[in-house]
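Below, each chain spelled out in residue letters.
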Amino acid sequence: MSLDRIRLAGKKTIGANQTAKAVAQSIVTELFVAKDAEEHVIRPIVTTAQQKGIPVCWVDSMKQLGKACGIEVGAATAAILKD
């Protein structure tokens, strides 16, 4: 399952702000985005990732993504970072 990759990743970012910075710096190998996140929050991150050729994995909910990242709250986005 795709969430296993983010769960087991050694280096990752969690949350829209940190993930947006990492995507802009091209240090992301895979982006995870919650389908129920607010469009205005995720749209610029997804657009930048697609322009840079970073794979985007859609997750059903923010709660599910947050849990996979090991936090108690939901997360709009998360990303696996390059080593």
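First things first, this report covers the structure right here in the doc. Here the structure is a predicted model, which is why all the values come from computation and not from measurement.

The rules behind the values
Residues numbered from 1 in each chain as written. Predicted model: local features only at pLDDT ≥ 70, side-chain atom pairs only at ≥ 80, totals over all residues. Heavy atoms only, no water. Salt bridge = Lys/Arg side-chain N within 4 Å of Asp/Glu carboxyl O. Helix = DSSP H or I, 4+ residues; strand = E, 2+ residues; numbered from the N terminus. Buried < 20%, exposed > 50% of the residue type's maximum accessible area, 1.4 Å probe, protein only. Pairing = 2+ DSSP bridges. Right-handed = clockwise from strand over helix to strand, strands pointing away.

Okay, the pattern of salt bridges next. Evaluation of the coordinates by the stated rule reveals 4 salt bridges. Where D60 meets K35, a salt bridge forms, and the shortest distance between an N and an O atom there is 3.5 Å. Pair noted here: D60 is in the loop between β3 (56-59) and α4 (62-68) and K35 is in the loop between β2 (28-34) and α3 (39-51), with a separation of 25 residues, a long-range link. Here the two residues D60 and K35 agree in accessibility, since each one is exposed. R43 is the partner of E39 in a salt bridge, and the nearest nitrogen-oxygen pair spans 3.4 Å. Taken together, the positions of E39 and R43, both in helix α3 and 4 residues apart, correspond to about one turn of that helix. Residue E39 is classed as partly exposed on the basis of its relative accessible area, which comes to 45%.

In this section: the pairing of strand β4 (residues 77-81). When you tally the buried positions in β4, you get 5 out of 5 residues, the bulk of the element. Relative to β4, strand β1 (residues 12-14) is paired through 3 bridges, and the arrangement is antiparallel. Opposite I14, over in β4, you have A78 as the bridge partner.

On to the pairing of β3, then. Strand residues, when the strand is regular, have side chains that alternate between the two faces of the sheet. Burial along β3 is one-sided: the residues C57 and V59 are buried and none of V56 and W58 is. In the sheet, β2 pairs with β3 via 4 bridges, with the strands oriented parallel. When the sheet's bridge partners are listed, L31 is paired in β3 with V56. Remark: the β2/α3/β3 crossover connection has right-handed handedness.

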